[in-house]
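Topology and contacts: notes
One letter stands for each residue in the lines below.
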Amino acid sequence: MDSVRRALGLSPDDSDASVEYEPLTTATDEPTHLDDSTILAPEEDVPFSWMEYSIFTLLGVAMLWAWNMFLAAAPYFSSRFAGDPWVQANFQSAILTASTVINLTSLMVLSNFQYAANYPFRINLALVMNLVVFALLTASTAIFLDVSARGYLVFLLFMVVVSSWATGLVQNGAFAFAGSFGRSEYMQALMVGQGVAGVVPAVVQVITVLVFPPDEQPPSEADDAPKAQSSAFFYFLAAVVVSGVTIVALIPLVRRHNEIVEARMVSRMGESVTSIEEAERAARKVTSLWRLFQKLHWLCIGVALTFAETMFFPVFTSKIVSVHEGAGGLLRPAAFIPLGFFFWNLGDLNGKLASAIPLSITKKPFALFVLSVVRAGLVPLYLLCNIGGRGAVVSSDLFYLFIVQGVFGFTNGWLGSSCMMATGDWVDEGEREAASAFMGLCLVLGLAAGSVLSFTASGI
């Protein structure tokens with residue numbers, strides 16, 4: 001029983017059965033010593049820096065930007081596949097399947113390589129891979145335009161596979177890298193960056209529809225193709241720029257990380273280390289995924305449930321139209337649907353920002369898990385809205401945009417970030433990198449499970 005209590009973070013003589021586990025360090029207590037654990041250094045050993053926070057935010061943007069650009073370029077892909085009805089009808093499903101499978105596989109493989117892992121290298125490799133992928137996609141908007149639809153599909157899926165592997169690398173590396181600093185704020189910065197990457201494309205889509213209303217665009221598919229081609233060029237070029245800027249911005253962050261690692265080892269060993277890699281490996285504990293699950297069970301299940309529930313929102317959002325859709329402007333379906341995505345992403349971003357506010361509940365993993373379960377009750381609210389123009393039980397666009405989309409997005413951002421930020425409090429210092437990467441894996445597992453479950457609502 002004592003070993004079980006240690007795995008949950010309790011001292012063997014803790015008589016309070018109502019407390020599941022306690023953080024491994026607190027501001028007032030001495031560090032808790034677990035079997036085979038290293039002595040935890042206080043989080044305050046690494047001072048907070050807004051510059052470092054900003055770089056982690058940029059890294060969060062780069063982490064999700066590639067996927068958003070594939071979504072934003074869907075009209076261009078559709079125009080390239082216009083000559084083949086089967087490809088045109090199935091390319092989005094093919095992209096989603098390839099992306100999910102490769103992303104999840106890469107994270108599962110990388111999570112099992114901890115001891116010799118070089119997380120900054122994984123991040124930089126991922127950014128270089130995305131830079132090359134989107135440079136090729138940018139070039140594809142101007143050359144080889146006479147390639148057949150199926151030939152271009154093969155090329156596109158290869159780009160998706162490479163980019164998805166890069167996404168797995170950057171997710172595994174970024175979460176682990178942020179965890180190594182011992183500052184929960186940097187984990188939150190990654191989540192905020194992902195929120196920003198979700199808001200910007202939605203804003204661009206809404207503005208595009210308002211500036212170029214569908215009824216003012218030429219109906220000819222041949223005339224529409226150059227516009228889609230031009231949009232795709234800038235979408236892909238933006239991804240190249242984001243990846244390049246992030247690579248440069250990481251240079252001082254990696255230097256700072258190396259200084260922290262060396263300082264920690266010198267203070268413990270009383271002598272200089274021969275290399276940063278040696279210092280990292282000396283401090284790093286190789287921990288099985290099962291051991292991490294034992295320590296983080298409520299948090300990892302909570303984050304997986306949160307993102308599994310979230311995958312229902314795109315299914316409903318793409319079908320819900322305004323109760324006043326004949327009014328034009330923002331209320332026309334072409335603008336209202338992207339507006340729905342914008343309000344969800346805005347709520348998500350606000351939730352991630354709000355997670356920086358210290359609340360006692362964020363220190364209670366079981367409470368976060370319970371909230372993730374309760375959140376599932378928000379999904380049926382979509383059934384009260386105007387799905388497919390069939391009428392709404394609650395005939396109000398404000399109810400849909402602010403209550404349904406806003407609240408559902410906010411809870412995703414707040415709960416997801418809170419679970420990720422709490423990770424470092426429940427593991428040994430040497431396990432923080434592996435634990436953060438493990439939580440990233442659980443997040444993607446939730447997305448994959450939610451993607452499959454969302455098909456149950458596709459026929460509504």
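For every chain, the first residue of its written sequence is number 1, and the numbers climb from 1 along that sequence. Given that this is a predicted model, residues contribute local features only at a pLDDT of at least 70 and side-chain atom pairs are listed and counted only at 80 or more, while totals for whole chains, interfaces and linings are drawn from all residues. The side-chain figures draw on all heavy atoms in the structure; neither hydrogens nor water molecules are used.

Here is the rule: UniProt positions are given in the numbering used here, feature names are shortened, and annotations may be inferred rather than shown by experiment.
Looking at an unreviewed UniProt entry, the protein chain carries the name Nucleoside transporter-domain-containing protein, with the source organism given as Stachybotrys elegans. Under the Subcellular location (unreviewed entry) heading, UniProt states for the protein chain: "Membrane". Turning to the protein chain, the UniProt record has this under Sequence similarities (unreviewed entry): "Belongs to the SLC29A/ENT transporter (TC 2.A.57) family."

A short note on the overall build of the protein chain
Here is the rule: Only DSSP runs of H or I reaching four residues or more are called helices, and only runs of E reaching two or more are called strands; each is numbered from the N terminus. In this scheme, a residue with accessible area under 20% of its type's maximum is buried, one over 50% is exposed, and one in between is partly exposed, where area comes from a 1.4 Å probe on protein chains only. Residue contacts are defined here by distance: any two heavy atoms, one from each residue, within 4.5 Å place the two residues in contact. Computed with the Shrake-Rupley method and a 1.4 Å probe, the accessible areas treat only the protein chains shown as cover for residues.
Regarding its fold elements, the protein chain presents 15 helices and zero strands. For the protein chain, with 460 residues in total, the buried portion stands at 50%. Counting only contacts in the protein chain whose residues sit at least 6 apart along the sequence, the fraction spanning at least 24 positions is 81%. Accessible surface computed for the protein chain: about 20100 Å², of which carbon and sulfur atoms make up 67%.

Notes on the side chain of S372
Its place among the elements puts S372 in helix α13 (residues 365-374). The contacts of S372, once residues within four sequence positions are left out, are G302, L305, T306, E309 and L415.

Side note on empty space enclosed by the protein
Where empty space is left in the structure can be found by rolling a water-sized probe over the atoms. What counts, and what does not: A cavity here means a set of points on a 1 Å grid, drawn over the protein atoms and nothing else, where a 1.4 Å probe fits but cannot get out; a pocket is an open set with protein on both sides within 12 Å along at least five of seven lines, and a residue lines either one if it has an atom within 4 Å of a point. Grid points are joined across faces, edges and corners, and a volume is the space filled by probe spheres set on the points. When residues are grouped by polarity, Ala, Val, Leu, Ile, Met, Phe, Trp, Tyr, Cys and Pro land in nonpolar, Asp, Glu, Lys and Arg in charged, and all others, Gly among them, in polar.
Within the structure shown, the criterion is met by seven cavities of 30 Å³ or more. In this structure, the second largest cavity spans a volume of roughly 100 Å³. G179, R183, S184, M421 and G424 are the residues nearest the centre of the second largest cavity, which is lined by 14 residues in total. Those elements giving two or more residues to the lining of the second largest cavity turn out to be α6 (149-180), α7 (184-211), α14 (397-422) and α15 (432-453). Residue composition of the lining of the second largest cavity, grouped by class: four nonpolar, six polar and four charged.

Topic: the nonpolar core
To keep it simple, the criterion reads: We define the nonpolar core as a collection of buried residues of types Ala, Val, Leu, Ile, Met, Phe, Trp, Tyr and Cys that are connected through side-chain atoms lying within 4.5 Å of one another.
Counting 110 residues, the largest nonpolar core has F56, F77 and F134 as the members making the most contacts within it. It is α6 that contributes the most residues to this core, 14 residues altogether. Those residues within four positions of F56 in sequence are excluded, and the remaining contacts are F177, A178, F181, Y186, A189, L190 and L253. Residues L104, L107, L441 and V444 belong to the second largest nonpolar core, which totals five residues.

Points about unusual backbone geometry
Not every positive phi belongs to a glycine, and F144 is a case in point at roughly 55 degrees. Positionally, F144 belongs in the loop between α5 (119-140) and α6. Given the relative accessible area of 61%, F144 is considered exposed.

Comments concerning the packing of aromatic side chains
How we decide: Two aromatic rings, drawn from Phe, Tyr or Trp (for Trp, its six-membered ring), form a pair once their centres lie within 6.5 Å of each other, and the interplanar angle then sorts them: stacked below 30 degrees, edge-to-face above 60, tilted otherwise.
The final tally for this structure, using the stated rule, is 31 aromatic pairs. With centroids separated by 5.4 Å and ring planes inclined at 90 degrees, the aromatic side chains of F56 and F181 adopt a geometry described as edge-to-face. Highlighted residues: F56 in helix α2 (residues 50-72) and F181 in the loop between α6 and α7, separated in sequence by 125 residues. Accessibility classification places F56 together with F181 in one group, the buried group. Taken together, a centroid distance of 4.0 Å and an interplanar angle of 5 degrees make the contact between F313 and W344 stacked. Taken as a pair, F313 in helix α11 (residues 313-317) and W344 in helix α12 (residues 333-354) lie far apart in primary sequence, 31 residues in all. For the residue pair F313 and W344, the accessibility class agrees, reading buried in each case.

Points about α13
Here α13 has its buried residues at P365, A367, L368, F369 and S372. If you follow the buried residues of α13, they end up packed against α10 (289-310) and α14.

Focus: the pattern of salt bridges
Formally: Counted as salt bridges are all cases of a side-chain nitrogen of Lys or Arg within 4 Å of a carboxyl oxygen of Asp or Glu.
Summed over the entire model, instances satisfying the criterion amount to eight salt bridges. Here D428 ties to K295 by a salt bridge, and the two come within 3.7 Å at their closest N and O atoms. With D428 in the loop between α14 and α15 and K295 in helix α10, this residue pair connects regions lying 133 residues apart in the sequence. K352 serves as the salt-bridge partner of D348, at 2.9 Å between the closest nitrogen and oxygen. Here D348 pairs with K352, and both are found in helix α12, just four residues apart, close to one helical turn. D348 sits in the buried class, given a relative accessible area of 3%. On the basis of relative accessible area, K352 is assigned to the buried category, the value being 4%.

Quick notes on the side chain of E52
Position of E52 among the secondary structure elements: in helix α2. Excluding residues that lie within four positions of it along the chain, E52 makes contacts with P47, F181, Y186, L253 and R256.

Quick notes on α12
We apply this condition: What a helix should span is 1.5 Å times the count of its residues minus one.
Here α12 is 22 residues long and its end C-alpha atoms lie 31 Å apart, about the 32 Å a rise of 1.5 Å per residue gives. The element α12 is largely enclosed, with a buried count of 16 among its 22 residues.

Some remarks on a nonpolar patch on the surface
The line we're drawing: Patch membership requires over 30% relative accessible area and the absence of a salt bridge. Like charges are linked within 9 Å, and nonpolar side chains (Val, Leu, Ile, Met, Phe, Trp, Tyr) within 5 Å.
Nonpolar side chains collect at one region of the surface, where F233, F234, L237, V241 and V245 lie side by side and expose about 430 Å² of accessible area between them. For L237, the location among the structural elements is in helix α8 (residues 221-269).

Regarding the packing of α7 against α12
Definition in use: Axis lines are fitted through C-alpha atoms, for helices just across the contact stretch, and the angle between N-to-C directions can take any value from 0 to 180 degrees. An angle below 35 degrees is treated as roughly parallel, one above 145 as roughly antiparallel, one from 65 to 115 as roughly perpendicular, and anything else as oblique. Handedness of a crossing is defined here by the sense of rotation of the near helix relative to the far one, left-handed for an anticlockwise turn of less than a right angle and right-handed for a clockwise turn.
For the pair α7 and α12, interaxial distance at closest approach is 8 Å and the crossing angle is 160 degrees. The orientation of α7 with respect to α12, classified from their angle, is roughly antiparallel. Relative to α12, α7 is oriented so that their crossing is left-handed. Considering only residue class, the contact of α7 with α12 consists of 17 nonpolar, six polar and two charged.

Focus: the environment of L383
Its place among the elements puts L383 in the loop between α13 and α14. Take L383: its relative accessible area is 45%, and that puts it in the partly exposed class. Once residues lying within four places of it in the same chain are set aside, the contact partners of L383 are F316, V393 and I460.

Looking at the packing of α2 against α5
Between α2 and α5, the least distance of the axes is 11 Å, while the angle of their chain directions is 30 degrees. Taken as axis vectors, α2 and α5 run roughly parallel relative to one another. When you trace α2 past α5, the crossing you get is left-handed. Packed against α2, whose contacting residues are L59, A62, A66, M69 and F70, the element α5 presents I123, L127, N130, F134 and L137 at the interface. Within the contact of α2 with α5, the residues separate by chemical class into nine nonpolar, one polar and no charged.

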